[in-house]
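Okay, here's what each chain looks like letter by letter:
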Amino acid sequence: MATALSSPTSRIGDPLSRVDGRLKTTGLANYAADFPVEGLTYGVVVSAAITKGRITAIDATAARAAPGVIEIVTHENRPDVVDKDKVWQDMVAPKGSPFRPLGDAEIRFAQQPVALVVADTFEAARHAATLVDIRYEAASHVTDLTEAEAGAYNPKGDGTYSPEKSRSDLANPLGNTKAHVEKVYQEAAHRVSGRYTLAPEHHNPMELFASTAIWKPDGSLFIHDKTQGAQNSATYLAGIFGLKPEQVHVVAPFMGGGFGVGLRPQYQLFLAAIAAKMIERPVKVVMTRQQMFSHQYRPNVIYDIAIAADQAGRLQAIRSDCVGATSRFETFAENIVDWCARGYRCDNIALDYRVAPVDTYTPGSMRAPGAATALNLFEIAMDELAYEVGIDPLELRLVNYTSKDEISGQPFTSKALDKAYAEGAERFGWSKRVHAPRAMTDGRELVGWGMATGVWETLFQAHAVRARLRPDGVLEVATASADIGTGTYTIMTQIASEEMGMPVDRIDAQLGDSTLPKAPVEGGSWGAASIGNALVLACTALKAKLLKAARKIDDSPLANAAIEQVEFVGGQIRVKNDPARAIDLTDLVTTEGGPIEVEETGSPKMLEAAKKARNTHQAVFVEVKVDEQLGQIRVTRVVTAVAAGRIINPKTARSQILGGVVMGIGMALHEETMMDHRLGRFMNHNLAEYHVPAHADIADIDVIFVDEPDHEVNPLGIKGLGEIGIVGTAAAVANAIFHATGVRVRDLPITSDRLL
Amino acid sequence: MTTDTMVDDRVHAPDGDGVPVTLTINGERHALHLDPWVTLLDLLRERLELPGTKKGCDHGQCGACTVLIDGKRMNSCLVLAVTRDGAEVTTIEGLGTPDHLHPLQQAFIDHDAFQCGYCTPGQICSAAGLIGEGKATSREEIRELMSGNICRCGAYTNIADAIEDVMAQQGKAAHA
Ligand code: FES
Ligand code: FES
């Protein structure tokens, strides 16, 4: 029976409203802690009271005696699991020896989990968690990066950062030694140098980390987890518990924000699984907001920058030297120091990057890892240079514009940053800017206009996508990746709709399940390009398979049709120049008596132009108003022009940029996890004291997508948008603050005390 | 609104001697025996299978748990359920359903006023409370008075658009 077409088809480029919007707005989208489970018990984590040292004694008598308590799991009674580093290293683990929750008596970081209390109700577990009496022997710790800096080392060779690729370490065709760079710097007409810093930031997605673990009678493990990669959680647990990968099933269809913190499994996942094994009942473990500060964070950095230019502002030398925090048990490294040298033309560059171990959990990727840190600080230095040279900050960027990656020397597949500068400046009214600081006012407030450049890589990862036409006429398109709020369900629906000529409501996009076709974690802004192109491959293969089946039907109107002669329109296959010759797709699968499906993998090998550089860019313009008496800074206007290739859905795309810009404003003005170095603990570990932008902090934000056709970056010409909105935005705010006040702050965030 | 009284075993205090409390939730009357330490948020999520209301902090700092109690918006994580005997509670599930969306739910979809969607139930309930209060008459006031609801995905400008849209539909248009 043919299914009536009840909703329109969609195409790439349509502003289709999110297909999961009805679920999300009615409370029916189930996040990790939302699934009803029969016989569920509740685990509450007890966090270490010291920063470093060891547990000397645990007295759980009182806790065990509390009503409703089922088990107290500690390192003393935790069942053995596989202990090799290799199994604890998840898909995206940095080099090192990953933390094992409740693995031993040693305390490595503040708020380390030291016990899990499991009870019949959440309230009983929460209460009993306060009754576990733990004694410690404290050891001295170092959490201050300025103190740890002395022990910094180069993470070269660990695979995550390779300064040897950078031009300063290449065969030196330009005689580009450190000493030479220093000499050029000293002799240049204009110089800026200084130490720039970024505070530690915590991702703070609104959803708390949560996992529910259910052991099945057949020894397999079923999990609900908050994760950016269901298969990462699954293989991690399979390794630890010595199971086959297919024995762990992770289901995570919705994720309440990731920003990178959900790339790696967090400790509640293992704790739920081990506790459920011990008590032979399902266990749900949800972190508290305080505990959301006990794991991954964006590492704070000390970034020494020196740049020199000639009379016209042309860059002569760049020294870019950064130290970032890592833990003592893993080496987390980011690409920081090379961003400045890739994006501007300059012949003399010296790069150095080291990491310094501190006594915290291992830092990790947070929205535009490396680039957000690098360019939100370097672009402040560029603004300083503009004032040093005496030219407009935008003019300085244009003078140093390059159309190739200045480190690799490769041309870009596309780079419409010049258009972004022009369109952004035009919309913002940049030409009306008075160059001198403190020259613009609005009543008693000082007005400042600042700008900056953002860059992010266009990444591509292998993804397998399955396309399956079901007998009910619904087309399923599926991969094990995740929609972390970016709109992946929606763009998959659009692409499938366009490819297959099927209405939107007959497409069922599936994500967030470890049993779906193979996918890496969702991050790095690679989702849209990687999944989108793989999906097109799958649809192409499915079309061929459907036509083949259609041709075999008795008296088929398509009997002799070749694939080039047919089109898929309105839920039918039909002959292009004789549309009356058609077969309804639902009728076809019904005749077949079962689904027709294909699975295809899109991999980086499908990319032409492998020898070209591929980036997204933004030119961001910001207005601030500063009340000097109160030290109050308000961002009153933002215009950002983004060059990101082809936009699949302008509505969800714009939201991604808004999200990045808002987080950039947070980086500029609010976000700072403050460490009490005497105690080695983050002090403001809650949402009242760790400030993220709230409604009243955010005025209107104007997002422009500049036209950037790119036939080389990947077949669909997609570049990805999750990261770019934050890169440069904090610098633009900082530069606007300088323009308003004449005060240059080199440390982010720029809180009132740093300005006054 | 229905007046069925449900006596639900799952919500009795474990030892049976909890505090009796009657709550009308989304039009359905529930006669419950609860331990006094159970918050309204945990009652909804863990005992009444209404997980649409979210927990983001459990400390009144984020607004993810916002519900309407007797028409007023409240952080349900800060409300002990037994203190609200006789109250009428509306959660996101009670505002509308996928087939019968509340105007705010429709406006949030139309304006893409969310990404991950985790803060969304709280934002929508808070917006419903805000409109009921009738205090916000400008976009600035909407922003000020919605500031208890954090959105880490940064959908704020779209949320303001959605709320303004519904206020305009209801003839309470902002005169900014
Ligand atoms: S969970 Fe209630 S305000 Fe955050
Ligand atoms: S939509 Fe993700 S926190 Fe608001």
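Everything numeric in this text was worked out from a predicted model, so none of it was measured.

Let's shift gears to the packing of aromatic side chains. Residues and elements named next belong to chain A. By the definition in use, this model includes 23 aromatic pairs over all chains. Between phenylalanine 109 and tyrosine 361 the ring centres are 5.2 Å apart and the planes differ by 70 degrees, which places this aromatic pair in the edge-to-face class. Of this pair, phenylalanine 109 sits in the loop between strand 5 (106-107) and strand 6 (113-119) while tyrosine 361 sits in the loop between strand 16 (349-357) and helix 10 (371-389), placing them 252 residues apart in sequence. Residue phenylalanine 109 is classed as buried on the basis of its relative accessible area of 1%.

Moving on, we come to the sheet that holds strand 12 (residues 283-286) of chain A. Residues and elements named next belong to chain A. If you walk across this open sheet you meet the seven strands as 3-6-1-12-9-10-11, and the pairing is mixed. Strand pairing shows two members of the sheet lacking a second neighbour, strand 3 (69-73) and strand 11 (248-251), which therefore form its edges. The mean inter-strand angle of the sheet, taken between neighbouring strand axes irrespective of direction, is 20 degrees. Taken together, the four bridges between strand 9 (residues 210-215) and strand 12 define a ladder with antiparallel strand orientation. Bridged to threonine 212 within strand 12 is lysine 284. In the packing of helix 7 (residues 230-240) onto the sheet, contacts are made with strand 10 (221-225) and strand 11, and the angle to strand 11 comes to roughly 150 degrees.

This paragraph deals with the domain arrangement of chain A. Quite often, the size of an interface is put as the accessible area lost when its parts meet. Residues and elements named next belong to chain A. Here the domain parsing of chain A yields domain 1 (21-26 + 461-606), domain 2 (41-140 + 206-291) and domain 3 (407-459 + 612-754). Across the contact, 17 residues belong to domain 1 and 15 residues belong to domain 3. Of the roughly 1300 Å² buried at the junction of domain 1 and domain 3 (both faces included), carbon and sulfur atoms supply 59%. Contact with domain 3 buries surface across domain 1, with Thr486, Ser525 and Asn533 losing the most and accounting together for 37% of the total. Put simply, domain 1 and domain 3 have eight residue pairs in polar contact (both at pLDDT 80 or more) between them. At the level of elements, helix 13 (488-500) and helix 14 (527-552) are the ones that each hand at least two residues to the side of domain 1 that touches domain 3. Take the side of domain 1 that touches domain 3: its biggest share by element is six residues, from helix 14. The class makeup of the residues in the side of domain 1 that touches domain 3 is seven nonpolar, 10 polar and no charged.

All right, on to the layout of surface pockets then. A water-sized probe, rolled over the atoms, reveals where empty space remains. Considered as a void within the structure, the second largest pocket measures approximately 860 Å³ in volume. Ile633, Arg634, His670, Ala696 and Asp697 of chain A are, among the 34 residues lining the second largest pocket, the residues nearest its centre. Only strand 27 (632-643), helix 16 (650-669) and helix 18 (752-755) of chain A together with helix 5 (139-145) of chain B provide two or more residues apiece to the lining of the second largest pocket. The dominant element in the lining of the second largest pocket, judged by the number of residues it contributes, is strand 27 of chain A, at five residues.

All names here are of chain A. A sheet is described by the order of its strands in space; here three strands give the open sequence 22-23-24, paired in antiparallel fashion. Every interior strand has two partners, whereas the edge strands, strand 22 (566-569) and strand 24 (578-584), have only one. The sheet shows a mean angle of 30 degrees between the axes of neighbouring strands, taken without regard to direction. Bridging between strand 23 (residues 572-575) and strand 24 involves four bridges; their strand directions are antiparallel. Directly across from arginine 574, in strand 24, lies its bridge partner alanine 582. The strands touched by helix 15 (residues 585-592) within the sheet are strand 22, strand 23 and strand 24, with strand 24 carrying the most contacts at an inclination of about 40 degrees.

With an omega of 0 degrees, the peptide bond running from leucine 748 of chain A to proline 749 of chain A counts as cis. Relative to the elements of secondary structure, proline 749 of chain A occurs in the loop between strand 31 (747-748) and helix 18. Non-glycine residue asparagine 204 of chain A carries a positive phi angle of around 45 degrees. Of note, asparagine 204 of chain A is situated in the loop between strand 8 (190-198) and strand 9. Classification of asparagine 204 of chain A as buried rests on a relative accessible area of 3%. For aspartate 58 of chain B, which is not glycine, the phi torsion reads 70 degrees and is therefore positive. In this structure, aspartate 58 of chain B sits in the loop between helix 1 (40-47) and strand 4 (66-69). What makes aspartate 58 of chain B buried here is its relative accessible area of 18%.

Tracing the backbone shows threonine 25 of chain A in helix 1 (residues 21-26). Threonine 25 of chain A sits in the buried class, given a relative accessible area of 0%. In terms of polar contacts, threonine 25 of chain A uses its side chain to reach the backbone carbonyl oxygen of glycine 21 of chain A, at 2.8 Å. At 3.4 Å, the side chain of threonine 25 of chain A forms a polar contact with the backbone oxygen of arginine 22 of chain A. Once you skip the residues sitting within four places of it in the chain, threonine 25 of chain A turns out to touch Ile92, Leu101, Gln105, Phe108, Ile109, Phe114, Thr120 and Ile124 of chain B.

Here we take up the pattern of salt bridges. Across all of its chains, the model carries 61 salt bridges over all chains by this definition. Aspartate 627 of chain A is the salt-bridge partner of arginine 444 of chain A, the closest N and O atoms lying 2.5 Å from each other. Pair noted here: arginine 444 of chain A is in the loop between strand 17 (440-442) and strand 18 (445-457) and aspartate 627 of chain A is in strand 26 (residues 615-627), with a separation of 183 residues, a long-range link. Using a relative accessible area of 57% as the deciding quantity, one classes arginine 444 of chain A as exposed. The salt bridge partner of arginine 139 of chain B is glutamate 164 of chain B, with a shortest N-O separation of 2.7 Å.

With that settled, the discussion passes to the interface of chain A and chain B. Each side of the interface is counted separately: chain A has 63 residues, and chain B has 54 residues. For the pairing of chain A and chain B, the buried interface totals around 4700 Å² over both sides, and the portion due to carbon and sulfur atoms is 56%. Ranking the residues of chain A by area buried against chain B places Thr25, Met206 and His695 of chain A at the top, with a combined share of 19%. Summed over the shared surface of chain A and chain B, the result is eight salt bridges. In this structure, arginine 152 of chain B and glutamate 671 of chain A form a salt bridge, with 2.7 Å as the shortest nitrogen-oxygen distance. Here chain A is connected to chain B by 31 residue pairs in polar contact (both at pLDDT 80 or more). Counting residues per element, the ones that place at least two in the side of chain A that touches chain B are helix 1, helix 4 (122-129) and helix 16 of chain A.

Before going further, it helps to examine the nonpolar core. Membership of the largest hydrophobic core comes to 229 residues, with the highest contact counts inside it found for Phe241 and Tyr303 of chain A together with Ile163 of chain B. Residues in contact with isoleucine 163 of chain B, not counting those within four places in the same chain, are Leu104, Phe108, Ala127, Leu130, Ile131, Ile142 and Met146 of chain B. Counting 30 residues, the second largest nonpolar core, distinct from the first, contains Val46, Val117, Ala124 and Ile134 of chain A.

About the cut-offs
- Per-chain numbering applies: the sequence of each chain, read as written, is numbered from 1 onward.
- Chains carry letters from A onward and ligands carry numbers from 1 onward, assigned in written order.
- Predicted model: local features are reported for residues with pLDDT of at least 70 only, side-chain atom pairs are reported and counted for 80 or more only, and whole-chain, interface and lining totals are derived from all residues.
- Heavy atoms throughout the structure, all of them, feed into the side-chain values; hydrogens and water do not.
- Think of it this way: a Phe, Tyr or Trp ring, Trp meaning its six-membered ring, pairs with another when their centres are within 6.5 Å, and the plane angle makes it stacked under 30 degrees, edge-to-face over 60, tilted otherwise.
- Put simply, DSSP H or I for four residues or longer makes a helix, DSSP E for two residues or longer makes a strand, and each gets a number counted from the N terminus.
- Throughout, exposure labels follow a simple rule: accessible area from a 1.4 Å probe, protein chains only, divided by the maximum for the residue type, with under 20% read as buried, over 50% as exposed, and the rest as partly exposed.
- Strands were regarded as paired on the criterion that DSSP finds at least two bridges between them.
- In this analysis an axis means a line fitted to C-alpha atoms, helices contributing only their contacting stretch, and an angle means the value between N-to-C directions, from 0 to 180 degrees.
- Contact criterion: two residues are considered in contact whenever any of their non-hydrogen atoms come within 4.5 Å of each other.
- Each domain's extent is set by a domain assignment, obtained either automatically or from a database.
- Here the buried area means the combined drop in accessible surface, using a 1.4 Å probe, for two parts upon being joined, counting both sides.
- Definition of a polar contact: a pair of N or O atoms within 3.5 Å, with one able to donate and the other able to accept a hydrogen when the atoms are protein atoms, and with sequence-neighbouring residues admitted only if both atoms are side-chain atoms.
- Gly is placed with the polar residues, together with every amino acid not listed as nonpolar (Ala, Val, Leu, Ile, Met, Phe, Trp, Tyr, Cys and Pro) or charged (Asp, Glu, Lys and Arg).
- As defined here, a cavity is a set of points on a 1 Å grid over the protein atoms alone where a 1.4 Å probe fits but cannot get out. A pocket is an open set with protein on both sides within 12 Å along at least five of seven lines, and residues line them when an atom is within 4 Å of a point.
- Grid points are joined across faces, edges and corners, and a volume is the space filled by probe spheres set on the points.
- Criterion for a salt bridge: a side-chain nitrogen of Lys or Arg within 4 Å of a carboxyl oxygen of Asp or Glu.
- We call a set of buried residues a nonpolar core when its members are Ala, Val, Leu, Ile, Met, Phe, Trp, Tyr or Cys and they connect through side-chain atoms within 4.5 Å of each other.

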